[in-house]
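Read off the chains here:
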Amino acid sequence: DCNGKSLLHAPSSLPSNITSLDLSFNSLVMPRHGTLLMHFPSLRSLNLSSNALLALSPAVFSNLGALRLLDLSSCSIAYLHMDAFKGLGNLHTLLLRNNSLQELEVPFFLPLKALFHLDLQHNALVSVDTLSLQLMEAVPQVRLEGNPWVCDCTARPLQQWLQRRQAVQVTCASPPGLRGREVAALDSQDLGCGMKQRFPRGVSTAQQITATHSNTTTPPSGKGGRSWPYLVGFLVAAIGISILIALAAKCKLFHKNFASYRHRPLPETSSIRGSPMEDSSSWDRGSSGRGASKNHPMPGAADLQAEDDDGFIEDNYIQPSEQLPEEEERELHLSI
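Residues numbered from 1 in each chain as written. Predicted model: local features only at pLDDT ≥ 70, side-chain atom pairs only at ≥ 80, totals over all residues. Heavy atoms only, no water.

Peer 1: An account of the UniProt feature "transmembrane region" (unreviewed entry) in the protein chain is requested, with residue identities and associated values reported.
Peer 2: Within this numbering scheme, the UniProt entry marks residues 228-249 as carrying the feature "transmembrane region" (unreviewed entry). Across residues 228-249, the secondary structure splits into 100% helix and 0% strand, with the terminal C-alpha atoms separated by 32 Å. (UniProt positions renumbered as here; feature names shortened; annotations may be inferred. Helix = DSSP H or I, 4+ residues; strand = E, 2+ residues; numbered from the N terminus.)

So this is what it looks like as structure tokens:
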């Protein structure tokens with residue numbers, strides 16, 4: 001029993017075959033390299049509580065292979081190196097209460113193959129990862145009371161782990177609405193991850209549809225709730241590009257139509273006996289009456305065939321009544 005002696009190191013006068021040593025309430029200095037109490041390989045119980053150890057260097061207890069109980073309570077420990085407990089394969093009880101641990105390094109559990117009781121009460125733990133919980137499954141007794149647990153959706157694995165172990169007195173510190181409530185008594189909706197919960201196999205389809213409908217009425221949070229400005233910007237850009245393409249197409253069509261509507265004078269065409277308009281007018285004047293036929297002789301069949309390119313004048317097209325003036329004119333020439 002060497003507690004409260006203001007010791008910086010273990011007394012060298014102690015016999016090397018001792019199995020229990022109490023060095024609590026001293027001012028022990030932990031070696032940065034090497035091992036602590038290397039001259040006492042038979043120790044089975046070691047009490048180092050209430051020493052300002054602050055941190056444990058790697059493999060600091062590696063020479064204490066027979067150790068069964070290690071008390072590191074109230075040592076202001078804020079960090080545990082992953083090899084801090086290397087060599088303690090026979091350790092049964094590890095007491096780390098009343099320290100300042102904020103997180104647990106997963107590998108530090110690995111060397112503790114025979115660990116039965118782990119005390120982490122009254123530290124600064126706010127969460128614990130899933131892998132650490134899986135490793136602690138092999139430890140029958142784990143004490144987690146008195147830590148400022150944050151009860152949000154990240155605490156879901158811890159809540160399920162505590163429910164399986166029927167642990168009590170592990171309470172929430174935040175958020176304020178859940179402060180003081182036991183973590184094991186909460187459900188997924190209390191933790192704020194009800195929308196991520198999968199439907200169990202026994203739930204009917206109607207209940208799934210009802211739950212899905214109730215979830216869709218909740219406004220989106222996080223990045224999903226802020227995605228609508230990007231959607232609006234994309235739509236505005238698409239509409240603007242479409243309008244520009246339409247204007248460019250219309251401009252091109254306008255120039256094409258404008259070019260097709262440019263008028264140019266047609267070349268003058270002439271027939272054998274003049275322009276078609278003159279021939280048609282003379283034809284009309286020639287068939288108007290007897291007096292006019294004297295001044296302008298009646299065109300013959302050859303002339304009519306030349307003037308009419310369509311070829312629709314057939315035989316006997318001119319009525320006999322219209323041939324009388326020609327016979328009278330012929331008789332007049334003969335009489336002269």
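Peer 1: For the pattern of salt bridges, give the residues involved together with the corresponding values.
Peer 2: Counted according to the given criterion, the structure contains 4 salt bridges. Arg164 is the partner of Glu137 in a salt bridge, and the nearest nitrogen-oxygen pair spans 2.8 Å. With Glu137 in the loop between α1 (130-136) and β8 (141-143) and Arg164 in helix α2 (residues 156-165), this residue pair connects regions lying 27 residues apart in the sequence. (Salt bridge = Lys/Arg side-chain N within 4 Å of Asp/Glu carboxyl O.)

Peer 1: Quick one: what's the story with the layout of surface pockets, residue by residue and with numbers?
Peer 2: By volume, the second largest pocket amounts to about 270 Å³. Lining the second largest pocket are 17 residues, and of these His9, Ala10, Leu37, His39 and Phe40 sit closest to its centre. Its residues placed into classes, the lining of the second largest pocket shows 12 nonpolar, 5 polar and no charged. (1 Å grid on protein atoms, 1.4 Å probe; cavity = no way out; pocket = protein on both sides within 12 Å on 5 of 7 lines; lining within 4 Å. Points joined across faces, edges and corners; volume = space filled by probe spheres on them. Nonpolar A, V, L, I, M, F, W, Y, C, P; charged D, E, K, R; others polar.)

Peer 1: Can you tell me about the nonpolar core, naming the residues and giving the values?
Peer 2: In terms of nonpolar packing, the biggest core is built from 58 residues, with Phe61, Leu70, Leu72, Phe85 and Leu94 touching the most fellow members. When contributions to this core are tallied by element, the ones reaching two or more residues are α1 and α2. Element by element, the count of residues in this core is highest for α2, at 3 residues. Setting aside its immediate chain neighbours within four residues, Leu94 contacts Leu70, Leu72, Phe85, Phe108, Leu112, Leu115, His117, Leu118 and Asp119. (Core = buried A, V, L, I, M, F, W, Y, C linked by side-chain atoms within 4.5 Å. Buried < 20%, exposed > 50% of the residue type's maximum accessible area, 1.4 Å probe, protein only. Contact = heavy atoms within 4.5 Å.)

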